Amino acid sequence: MTARKISESQITMTELVLPNHTNQLGTLFGGQLMYWIDMCASLSAEKHNLRICVTASVDGVDFINPVRLGDAVTLVSSVNRVFNTSMEVGVKVFAQNFKEGTVKHTNSAYLTFVSVDEAGKPVKAIEALPETNEQKRRFNEALIRRDNRLKSRSVEK
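A brief report on the enclosed structure follows. One numbering rule holds for all chains: residues counted from 1, following each sequence as written. In view of the model being predicted, local features appear only for residues whose pLDDT reaches at least 70, and side-chain atom pairs are presented and counted only at 80 or more, with totals across whole chains, interfaces and linings using the full set of residues. Computation of side-chain values covers all heavy atoms of the structure but excludes hydrogens and water.

Before going further, it helps to examine the overall build of the protein chain. The number of helices and strands found in the protein chain is two helices and seven strands. In this setup the radius of gyration rests on C-alpha atoms only. A globule is expected at 2.2 Å times the number of residues raised to 0.38. Here the C-alpha radius of gyration of the protein chain, 16 Å, is about what a compact globule of 157 residues would show, namely 15 Å. The C-alpha extent of the protein chain, read off along each of the three principal axes, is 45 × 35 × 30 Å. Exposed residues in this analysis have more than 50% of their type's maximum accessible area, buried residues have under 20%, and partly exposed residues fall in between, with area computed by a 1.4 Å probe over protein chains only. A burial count over the protein chain gives 42% of its 157 residues as buried. Across the protein chain, the fraction of contacts at a sequence separation of at least 24, relative to all contacts at a separation of at least 6, is 71%. Throughout, the Shrake-Rupley method with a 1.4 Å probe supplies accessible areas, and for residues the shown protein chains are the sole cover considered. Only carbon and sulfur atoms are counted for the fraction: they give 54% of the accessible area of the protein chain, which is about 8,900 Å². When the 20 basic and 17 acidic side-chain charges of the protein chain are each reduced to a single mean position, those positions are 3 Å apart. Helix and strand definitions here come from DSSP, where helices need a minimum of 4 consecutive H or I residues and strands a minimum of 2 consecutive E residues; each element is numbered from the N-terminal end. Residue contacts follow a heavy-atom distance rule, with two residues in contact if any of their heavy atoms lie within 4.5 Å. Under the counting rule used here, the positive set is Lys and Arg, the negative set is Asp and Glu, and His together with the chain ends is not counted. In this description, the location of a charge corresponds to atom NZ of lysine, CZ of arginine, CG of aspartate or CD of glutamate.

Okay, structure coming up:
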């Protein structure tokens, strides 16, 4: 298979924030959220590529609103763009408080995954085909973010 629609890579995952997920203030540990983000993004990458994909990098996780004990956290991920063996996956996180009837966008993240074979060696990833205007925007912006990632890596060396 040479190409798949971006919509075919979407994953929606929901988690309940329990006491063991929170700090002393009753808000979600950042590390717990990062685990859920990585898991959701990984599922999108693997669903798109029909094979194992491994996390290569995380651009960052923007914390916009706190997530509280008892909130339902919904993560929505999809492949934004495929390059050669790597791909960018975007994740949006929402916290819903059923008692208050509120939904807040709490976090966004961009992760890079690499498609690998059974021996863990990188292999060509399946091309991503954007369909909607939103998908096309994310597809185009992914190239800009990739260029910035590569520039920052060359500066670090």
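Picking up where we left off.
Within the fold, T22 resides in the loop between β2 (11-16) and α1 (30-49). The class for T22 is buried, based on a relative accessible area of 12%. Measuring from C-alpha to C-alpha, the distance between T22 and R68 comes to 7.7 Å, with 46 residues separating the pair along the chain. Contact partners of T22, with chain neighbours within four places excluded, come to V17, T27, L28, F29 and L69.

With that settled, the discussion passes to the sheet that holds β2. Strand pairing in a sheet takes place through backbone hydrogen bonds and is either antiparallel or parallel in direction. Spatial ordering of the open sheet is given by β2-β4-β5-β6-β3, a layout of five strands whose pairing is antiparallel. In this open sheet, the two edge strands, each paired with only one partner strand, are β2 and β3 (53-63). When the angles between neighbouring strand axes are averaged without regard to direction, this sheet yields 25°. Two strands pair when backbone bridges link them, and strand β4 (residues 72-82) and strand β5 (residues 86-97) are joined in this way by 10 bridges, in the antiparallel orientation. Pairs of strands are assigned from DSSP output, requiring at least two bridges between the strands. Axis definition: a line fitted to C-alpha atoms, limited for helices to the stretch in contact. Angles are taken between N-to-C directions and run from 0 to 180 degrees.

The next subject is the packing of aromatic side chains. Aromatic rings considered in pairs are described by the distance between their centres and by the relative angle of their planes. In this scheme Phe, Tyr and Trp rings, the latter by its six-membered ring, pair at centre separations within 6.5 Å, and the angle between planes marks the pair as stacked below 30 degrees, edge-to-face above 60, and tilted otherwise. Within the structure shown, the criterion is met by zero aromatic pairs. Any Lys NZ or Arg CZ found within 6 Å of a ring centre and within 35 degrees of that ring's normal is scored as a charge over the ring. R81 extends its terminal NZ or CZ atom over the ring of F139, reaching a point 4.0 Å from the ring centre. Sitting above the plane of the Y110 ring, R145 keeps its charged end 3.7 Å from the centroid.

With that out of the way, let us pick up the pattern of salt bridges. Salt bridge criterion: a side-chain nitrogen from Lys or Arg within 4 Å of a carboxyl oxygen from Asp or Glu. By the definition in use, this model includes nine salt bridges. Salt-bridge contacts for K5 lead to E131; the nearest nitrogen and oxygen are separated by 3.9 Å. In this pair, K5 sits in strand β1 (residues 3-5) while E131 sits in the loop between β7 (127-129) and α2 (133-156), placing the two residues 126 residues apart along the sequence. Its relative accessible area of 41% is what places K5 among the partly exposed residues. The salt bridge partner of R137 is E141, with a shortest N-O separation of 2.7 Å. Placement of both R137 and E141 in helix α2 is noted, with a separation of four residues, approximately one turn of the helix.

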